[in-house]
Amino acid sequence: MLFPPMLEAAARLAAQGHYRQFRKREGDDDCCATTIEDPLPADCIPYITHLMGTMAILARVGASDAVLAAALLHDYLEDVPDPHGAATIRDAVGAEVLALVRAVTEEKRPEQNSEDTWRVRKTEQIQHMAGMEENAVLLKTADLLHNLHSLLTDLEAASDAETVWSRLNAGPEDQIWYFSTMLEEARRRLDGHRLVNDLDRAVDKLRVWIPRPGPAKT
């Protein structure tokens, strides 16, 4: 079957759950609000583009339908205000997909400032990746790759890179630490895989955008 019902169900659930959620941008996301007849402003990128991009990366490397469905739903438990999120996913696409989504779900700590918890959360992700089963590692690597490509696209298009860095929860030095460390963990788990090679190239491109310290003052 070229388009299995599982992917249709995952796509519908992702679109419904992430409705009116957008990628991080400069300014207030409220300005993305439009009437249903109006197109979104060019800098208002629906969050589902990240989910579709992650799925597309995995489809290119021959991932299973369950992994593709999990790619569409990998942020559902983190970002969708559904008090029965796990049951919703299980009912829609099954226990295997739910297990993959849970494997890559970050503990957000919504009661705390996201900037304050960023390093802790990312360290937990790095540690957790070491024990993931292979399909979850593939999913997480594709997630990283799409996030990194999106970041690079924004940096290349910006008139001032600082406007891009400033909207993130951590600065450029922390970002390169995180992506580089996750790359090494992905390499350890998926040595020689195309996803790792692509992530390696993307991390190299990001290094160009890391501000270099100025000369020491005397």
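For the coordinates displayed, the defined rule picks out three aromatic pairs. The interplanar angle of 55 degrees and the centroid separation of 5.5 Å between the aromatic rings of Tyr178 and Phe179 together place this pair among those described as tilted. Through successive ring pairs, a cluster of aromatic residues spans Trp118, Trp177, Tyr178 and Phe179. Between Arg119 and the ring centre of Trp177, over which it is positioned, the NZ or CZ distance is 3.6 Å.

All right, on to the nonpolar core then. Core analysis: the biggest nonpolar cluster contains 62 residues, and Leu58, Leu73, Ile89, Val97, Leu148, Leu151 and Leu206 have the highest contact counts within it. With 11 residues, the top contributor of residues to this core is helix α8 (residues 134-157). With sequence-adjacent residues up to four places away left out, Leu151 is seen in contact with Val164, Trp165, Leu168, Phe179 and Leu206.

Along the chain, Leu40 falls in the loop between α1 (5-17) and α2 (48-60). A C-alpha to C-alpha distance of 25 Å links Leu40 and Asp82, two positions 42 residues apart in sequence.

A few words now on the pattern of salt bridges. Evaluated as defined, the whole model comprises 14 salt bridges. Where Glu106 meets Arg121, a salt bridge forms, and the shortest distance between an N and an O atom there is 2.4 Å. Placement of the pair is Glu106 in the loop between α6 (95-104) and α7 (114-129) and Arg121 in helix α7, with a sequence separation of 15 residues. Under the relative-accessibility criterion, Glu106 is labelled buried at 8%.

Rules used in this analysis
- Residues numbered from 1 in each chain as written.
- Predicted model: local features only at pLDDT ≥ 70, side-chain atom pairs only at ≥ 80, totals over all residues.
- Heavy atoms only, no water.
- Phe/Tyr/Trp six-rings, centres within 6.5 Å; stacked < 30°, edge-to-face > 60°.
- Lys NZ or Arg CZ within 6 Å of the ring centre and 35° of its normal.
- Core = buried A, V, L, I, M, F, W, Y, C linked by side-chain atoms within 4.5 Å.
- Buried < 20%, exposed > 50% of the residue type's maximum accessible area, 1.4 Å probe, protein only.
- Helix = DSSP H or I, 4+ residues; strand = E, 2+ residues; numbered from the N terminus.
- Contact = heavy atoms within 4.5 Å.
- Salt bridge = Lys/Arg side-chain N within 4 Å of Asp/Glu carboxyl O.

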